Amino acid sequence: SLGARSQGEKLVSWMNSTLEKYVSHGNTSVAYLIWICPNYEFYTAGGNVFINSVIDEAGGVNVFANQSGYPLLGPSSLTLADPQVIVVQEIYNVSYTTYLINHIPGITSTRAYQDHRIYILSENLPTDLLNEPGPLAVYGVGMMREIIQGNSPTYVNSSYVMREFNVTLPVF
């Protein structure tokens, strides 16, 4: 077996110890927007997907946890949920993403908008940590915790994530 079992056990142990540093408990309501369409409908994460687990582990509560999979919802769903924090994956670039966010009908009535708690995750590392379940996903929990606690910049890019979390994968 070439020691693969031993290496796998070491990796799981590393993941668990790293995750312990980032796990938090709380009840901050979070909306996670994967994609915003030109008509302002959006895809989000339901309660039975990986991103929901990351939000939970980081101390948040997914406002769309009652949904399943990656549903397409209308703008009123977001305003009715009135999340404290909104996290949006970057769509093409930060200026276009900001434009889409600011033009979602009713967005200005949400707590997240009023409290300046809308965060954009740049393409590449920040979104990869949440979209690709794997060993590095433990850092996604840390990143989400910093967002939920209000300790991250509103534009979360790869250099911020590398600087704050020293994203590395151990070799056994």
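Okay, so let's go over this structure.

Conventions used here
- Residues numbered from 1 in each chain as written.
- Predicted model: local features only at pLDDT ≥ 70, side-chain atom pairs only at ≥ 80, totals over all residues.
- Heavy atoms only, no water.
- Phe/Tyr/Trp six-rings, centres within 6.5 Å; stacked < 30°, edge-to-face > 60°.
- Helix = DSSP H or I, 4+ residues; strand = E, 2+ residues; numbered from the N terminus.
- Buried < 20%, exposed > 50% of the residue type's maximum accessible area, 1.4 Å probe, protein only.
- Pairing = 2+ DSSP bridges.
- Salt bridge = Lys/Arg side-chain N within 4 Å of Asp/Glu carboxyl O.

### Some details on the packing of aromatic side chains
Consideration 1: Scanning the model with the defined rule gives seven aromatic pairs in all.
Consideration 2: With centroids separated by 5.7 Å and ring planes inclined at 80°, the aromatic side chains of Tyr22 and Phe165 adopt a geometry described as edge-to-face. Of this pair, Tyr22 sits in helix H1 (residues 4–22) while Phe165 is found in helix H8 (residues 158–165), placing the two residues 143 residues apart along the sequence.
Consideration 3: A relative accessible area of 9% places Tyr22 in the buried class.
Consideration 4: A residue is classified by how much of its surface remains accessible, and Phe165, at 8% relative accessible area, is buried.
Consideration 5: In textbook terms, an aromatic cluster arises when at least three aromatic residues are bridged by ring pairs, as seen for Trp14, Tyr22, Tyr139, Tyr160 and Phe165.

### So, the pairing of strand E6 (residues 118–121)
Consideration 1: Taking every second residue as pointing to the same face, both faces of E6 are buried, with Ile118 and Ile120 on one and Tyr119 and Leu121 on the other.
Consideration 2: Inspection of the sheet shows strand E5 (residues 85–89) paired to E6 by four bridges, in the parallel sense. Each bridged residue has a counterpart across the sheet, and for Ile86 the counterpart in E6 is Ile118.
Consideration 3: Inspection of the sheet shows E6 paired to strand E7 (residues 155–156) by two bridges, in the parallel sense. Opposite Ile120, over in E7, you have Tyr155 as the bridge partner.

### Description of the pattern of salt bridges
Consideration 1: In this structure the tally under the stated criterion is two salt bridges.
Consideration 2: Residue Arg111 is joined to Asp82 by a salt bridge in which the shortest nitrogen-to-oxygen separation is 3.3 Å. Here Arg111, found in helix H5 (residues 111–114), pairs with Asp82, found in the loop between helix H3 (75–81) and E5; they are 29 residues apart in sequence, far enough to count as distant.

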